[in-house]
Amino acid sequence: MTAQNYSLKCKNDEDTFKILIATDIHLGYLEKDAIRGNDTFVTFDEIMKQAVQNEVDFVLLGGDLFHDNKPSRKTMHCCMEVMRKYCMGDRPIIFEILSDQAVNFSHSKFPWVNYLDSNLNISIPVFSVHGNHDDPTGADGLCAIDLLSCAGLINHFGRSRSVEKLEISPVLLQKGNTRIALYGIGSIPDERLYRMFINNQVTMLRPREDEDGWFNLFVIHQNRSKHGATNYIPEQFLDDFLDLVVWGHEHECKIAPVRNEQQLFYVTQPGSSVITSLSPGEAVKKHIGLLRVKGKKMNLQKIPLQTIRQFFIQDVTLSEHPDLFSPEQPNVMLKVMDFCQEKVEEMLEEAERQRLGNSLTPEKPLIRLRVDYSGGFEVFNTMRFSQKFVDRVANPKDILHFIRHREAKDNIKEEGMDFEAILSHPTSEVLQLRVEDLVKEYFQKAEKNVQLSLLTEQGMGKAVQEFVDKEEKDAIEELIKYQLEKTQRYLRERRVEATEEKIDEEVKGGAFKEDLAIIRAKAHRDRSDSVRDDDLNLSDEPADIAVESDEASTSAPTIRGRGRGSRGTSRRGRGIYINIHKHI
């Protein structure tokens, strides 16, 4: 095996890296909720406390540290408070960074790891990529993690400048005789990254010196499960020289490393540390990981989180209980309500049993009962039902969720979108809808004579997502303006007769359409000093990595003498030679 477990007896020697791994912390989720508002902050404190107690070398985060792209002052303050509390101190750091940090952190005004900064006193470094919730936006391409980076609390890596190709330069770390090549990709729209892989535009740089002597650790924040033809990243796309892949974005905890038999690397999916949706995947016990690496061998210890709010979910199908009720019976609705109440009581009793002896677990659990009422049953008032449990559960407004399987019909007519029906669902369900899914459904169901002609499904979906999720107020306007100008140029070049019939004929042909319109419009928005032209250049690629030598290395920053181990290491490292390993 490329990477394998090793005996825990040798886990704390001078050659062993100890790394705390967590993903999808979502600080600030439901921060205004009277019951759940502090859940993310309490759990983040527990995670960082585990880092101190286990004396890790560094913390590795897999994206979505924040839930909102523009976190509130309260969220940012709580995050900085916890990081200052646990990450600063006099404890020496005994691993070195060997790579050229000017390349690893080229997007930063301080392109070196924070523990080598003479003005900071870091005891536990934190390395993180950004996720889709906290990704860079705006003209300056900044995100909330960049604020923490500028404050010296976090080391933000895995940034990509180009929308057409990707070069991943590893952060090279050494402790004793163990060397780790840390790769990372911050969140990129899945369709775009999928296309990059297909077109062989993803390049992973590898150290030339003893290429096979490094433990290759890769952090990615993308869809792992398939949500569409290209709306995910297949594991086989990743290079086979990797040893361990830390997969963020997916919230179900599957932290035990699983071997990919095709690529021969292992994949760990830590999952989220907070429950953001009342779905079965979130009901799995939440963990973080303590990764130990020695040479090419590894061991991942699961650490259960104690401050996670309990979540119980159960499915019932009413038609499967003919002995209790049937649609034809009188007062059947009351019998169904009593049945549902009994199921909720059972989950509450189980929550109480599991909570005994653990004072860190929040008192009120999350309860979800999904009721399939197909077969002639009718729904009842869920709010009135929930009033019985308002003081006992953390989600009194959405305990029940009614579902019904559609019966097969011979003649299925094309239907339009019923937005009123969507908005009539419980608030929690509406909030979980993805705007791009609504746009996609519109394009699939809209009648041909009213469907948008100039805008593509993907482009419009991305623009609406930018407008809603990231408050980019100009996203839709810029997409429309860009596509309109592009259409006008197309019609002028083809010398189309200026009549409504001729224009409609050309437009319906769709030859000018471009799914990258939103990407190009956003890139144009981000480049505030550029001039619009016919061929918008989106490369903005980083310069090629130069070969470094000992003579070319810059001098190390002045370090206060506090027994701080390897902090005298040069910011530019030892000039490790890098060669290119193309993805095939």
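Given the structure is predicted, the values throughout are model-derived calculations rather than measurements.

*Asks:* Explain the overall build of the chain to me, please; I cannot follow it from the model alone.
*Replies:* Counting its secondary structure elements, the chain contains 14 helices and 19 strands. When each of the 584 residues of the chain is scored for burial, the buried share is 52%. Taking the contacts inside the chain whose residues are at least 6 apart along the sequence as the reference set, 75% of them involve residues at least 24 apart. Roughly 28800 Å² of accessible area belongs to the chain as shown, and the carbon and sulfur atoms make up 48% of that amount.

*Asks:* Hey, could you run me through helix α12 (residues 475–493) in this one?
*Replies:* Structurally, the α-helix is built with 3.6 residues per turn, so residues lying three or four positions apart point the same way. End to end, α12 covers 27 Å across 19 residues, agreeing with the expected 27 Å (1.5 Å per residue, within 8%). One or two steps after α12, the chain reaches R495, where phi turns positive at roughly 55°.

*Asks:* Explain the packing of aromatic side chains to me, please; I cannot follow it from the model alone.
*Replies:* Geometry of an aromatic ring pair is reported as the spacing of the ring centres plus the angle between the planes. Applying the stated criterion across every chain yields a total of 17 aromatic pairs. Geometrically, the ring pair formed by F95 and Y115 is edge-to-face, given 5.4 Å between the ring centres and 65° between the ring planes. One end of the pair, F95, is in the loop between α2 (73–87) and β3 (96–97); the other, Y115, is in the loop between α3 (101–104) and β4 (126–128), with 20 residues separating them in the sequence. When the centroid spacing of 5.4 Å and the interplanar angle of 40° are considered together, the rings of F197 and F237 count as tilted. Taken as a pair, F197 in helix α5 (residues 190–198) and F237 in the loop between β10 (215–221) and β11 (244–248) lie far apart in primary sequence, 40 residues in all. Across this residue pair, the class does not change: F197 and F237 are buried. Three or more aromatic residues link up through ring pairs in this structure, and these residues are F17, F58, F95, Y115, F127 and F157. Against the face of W214 rests R179, its NZ or CZ located 4.6 Å from the ring centre. A cation sits over an aromatic face here: R224 above W247, 5.8 Å from the ring centre.

*Asks:* Mind showing me how you'd approach α5 here?
*Replies:* Extensive coverage of α5 is indicated by the burial of 7 of its 9 residues. Burial in α5 covers these residues: D190, E191, R192, L193, Y194, M196 and F197. Remark: N200 follows α5 within two positions and exhibits a positive phi of approximately 55°.

*Asks:* Explain the pattern of salt bridges to me, please; I cannot follow it from the model alone.
*Replies:* Pairs can form between side chains of opposite charge once their charged atoms are near each other. If you walk through the whole model with that rule in mind, you get 16 salt bridges. Between E235 and R224 there is a salt bridge, and its shortest N-O distance comes to 2.8 Å. Residue E235 is found in the loop between β10 and β11, and its partner R224 is found in the loop between β10 and β11; the two are separated by 11 residues along the sequence. With relative accessibility at 16%, the residue E235 sits in the buried group. The partner of D243 in a salt bridge is K296, with the nearest N and O atoms 2.9 Å apart. Residue D243 is located in the loop between β10 and β11, and its partner K296 is located in the loop between β14 (287–294) and β15 (297–304); the two are separated by 53 residues in the primary sequence. Overall, D243 belongs to the buried group, its relative accessible area being 0%. Taken together, the shared-partner salt bridges in this structure form one network comprising R206, E211 and D212.

*Asks:* Even after reading the chapter, I still don't get the UniProt feature "active site" (unreviewed entry) in the chain, so can you show me in this structure?
*Replies:* UniProt tags H133 as "active site" (unreviewed entry). Within the element layout of this structure, H133 appears in the loop between β4 and α4 (144–150). Looking at H133, the relative accessible area reads 25%, which means it is partly exposed. Not counting the four nearest positions on each side in its chain, H133 is found in contact with H26, D64, F66, H67, D68 and N69.

*Asks:* Teacher, can you tell me more about empty space enclosed by the protein here?
*Replies:* Unoccupied space between atoms shows up once a probe the size of one water molecule is rolled over them. Overall, the coordinates contain 2 cavities of 30 Å³ or more when judged by the stated rule. There is about 110 Å³ of room inside the largest cavity. Around the largest cavity sit Y29, R36, D39, T40, T43, S273, V274, I275, T307, I308, R309 and L366, which together line it. Taken together, the residues that form the lining of the largest cavity break down as 5 nonpolar, 4 polar and 3 charged.

*Asks:* Is there a simple way to think about the environment of R84 in this case?
*Replies:* Topologically, R84 is positioned in helix α2. Among the residues examined, R84 registers a relative accessible area of 60% and is labelled exposed. When the C-alpha positions of R84 and I122 are compared, they lie 9.0 Å apart, and in sequence the two are 38 residues distant.

Rules and cut-offs
Residues numbered from 1 in each chain as written. Predicted model: local features only at pLDDT ≥ 70, side-chain atom pairs only at ≥ 80, totals over all residues. Heavy atoms only, no water. Helix = DSSP H or I, 4+ residues; strand = E, 2+ residues; numbered from the N terminus. Buried < 20%, exposed > 50% of the residue type's maximum accessible area, 1.4 Å probe, protein only. Contact = heavy atoms within 4.5 Å. Areas by Shrake-Rupley, 256 points an atom, 1.4 Å probe, with all protein chains shown as cover. Expected span 1.5 Å × (residues − 1). Phe/Tyr/Trp six-rings, centres within 6.5 Å; stacked < 30°, edge-to-face > 60°. Lys NZ or Arg CZ within 6 Å of the ring centre and 35° of its normal. Salt bridge = Lys/Arg side-chain N within 4 Å of Asp/Glu carboxyl O. UniProt positions renumbered as here; feature names shortened; annotations may be inferred. 1 Å grid on protein atoms, 1.4 Å probe; cavity = no way out; pocket = protein on both sides within 12 Å on 5 of 7 lines; lining within 4 Å. Points joined across faces, edges and corners; volume = space filled by probe spheres on them. Nonpolar A, V, L, I, M, F, W, Y, C, P; charged D, E, K, R; others polar.

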